[in-house]
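For reference, the chains in residue letters:
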Amino acid sequence: GDSVTQMEGPVTLSEEAFLTINCTYTATGYPSLFWYVQYPGEGLQLLLKATKADDKGSNKGFEATYRKETTSFHLEKGSVQVSDSAVYFCALKGSNYQLIWGAGTKLIIKP
Amino acid sequence: EAGVAQSPRYKIIEKRQSVAFWCNPISGHATLYWYQQILGQGPKLLIQFQNNGVVDDSQLPKDRFSAERLKGVDSTLKIQPAKLEDSAVYLCASSFSTENYGYTFGSGTRLTVV
């Protein structure tokens, strides 16, 4: 069945460092791909999405490109801030239209 | 637009007691989801509604959990009787359609069973 694998955390970076959180997927057909963010004590927020191959989703300085050839959707940001500290979830929506979630990656940004 | 509303925000109950959570989705969103998120894990789908019909409840522990969306708008999730392992955040989400849209999540209800 469909699945999502993302890098284990926590990922700890200094402020202004470059961020990559890896996400790969297994799915039949052409899923839509999403990154959600969960700040401490809050619900999940949609960060960005891509619905077809080579699409690039972007929001708040974060970017991810839908790579069908490598079945990946890695999250990147050029310069992270302390306020980016959160848990990031990669997810796909497959043929049954349900979201399949990765386990989440905790990001800690130190000043 | 108003977001997905959930209440209560926090609830502490003793095991074997019952509890109910309420969710009001974004106006016009036909699809409503209830998720359980245990600390340190990703969300687990409990039940999905399309209008007032159940689309998927395969992971809902039906011996103790129940959910309804009688008028196709707001929804209630109930646990009776609660167990210690039910301690989690219960998230409600809604979506305009089942296709290429992300979900909008509420802030969740944090349940602690003692």
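Data block above holds the structure.
All of the points below concern the structure found in this document. As the structure is a prediction and not an experimental result, all values here were calculated from the model.

On to the interface of chain B and chain A, then. Much of the literature gives interface size as the accessible area that the parts lose upon coming together. With 23 residues of chain B at the contact, the number on the chain A side is 19 residues. The interface formed by chain B and chain A holds zero salt bridges in total. Our enumeration of links across chain B and chain A arrives at five residue pairs in polar contact (both at pLDDT 80 or more). Where the side of chain B that touches chain A is concerned, the elements lending two or more residues are β4 (31-37), β5 (44-50) and β9 (88-95) of chain B.

Summed over the entire model, instances satisfying the criterion amount to 15 aromatic pairs over all chains. By way of ring pairs, the aromatic residues A:Phe34, A:Tyr36, A:Phe89, A:Trp101, B:Tyr33, B:Tyr35, B:Tyr103 and B:Phe105 are connected into one cluster.

Residue and element names in this part refer to chain A. For the coordinates displayed, the defined rule picks out five salt bridges over all chains. Its salt-bridge partner being Lys52, residue Asp55 comes within 3.3 Å of it at the nearest N-O pair. Here Lys77 makes a salt bridge to Asp84, at a shortest N to O gap of 2.8 Å. There is no split in this pair, since Lys77 and Asp84 are both buried.

Once that is clear, we can look at the state of the cysteines. Following the criterion strictly, the structure yields two disulfides over all chains and no others. The partner cysteine of A:Cys23 in its disulfide is A:Cys90, sulfur to sulfur 2.0 Å. Torsion about the S-S bond of the A:Cys23 and A:Cys90 cystine: about -70°, corresponding to left-handed handedness. With a gap of 67 residues between them, A:Cys23 in strand β4 (residues 23-26) and A:Cys90 in strand β10 (residues 86-93) connect regions that are remote in the sequence. Residue classification places A:Cys90 among the buried positions, given a relative accessible area of 0%. At a sulfur-sulfur separation of 1.9 Å, the disulfide partner of B:Cys23 is B:Cys92. On the sign convention where negative means left-handed, the S-S torsion of about -65° between B:Cys23 and B:Cys92 marks this disulfide as left-handed. Of the two residues, B:Cys23 sits in strand β3 (residues 19-24) while B:Cys92 sits in strand β9, which places them 69 residues apart along the sequence. Judged on exposure class, the residue B:Cys23 and its partner B:Cys92 are both buried.

Criteria and thresholds
Residues numbered from 1 in each chain as written. Chains lettered and ligands numbered in written order. Predicted model: local features only at pLDDT ≥ 70, side-chain atom pairs only at ≥ 80, totals over all residues. Heavy atoms only, no water. Contact = heavy atoms within 4.5 Å. Salt bridge = Lys/Arg side-chain N within 4 Å of Asp/Glu carboxyl O. Polar contact = N/O pair within 3.5 Å; in protein donor to acceptor, adjacent residues only side chain to side chain. Helix = DSSP H or I, 4+ residues; strand = E, 2+ residues; numbered from the N terminus. Phe/Tyr/Trp six-rings, centres within 6.5 Å; stacked < 30°, edge-to-face > 60°. Buried < 20%, exposed > 50% of the residue type's maximum accessible area, 1.4 Å probe, protein only. Disulfide = S-S within 2.5 Å.

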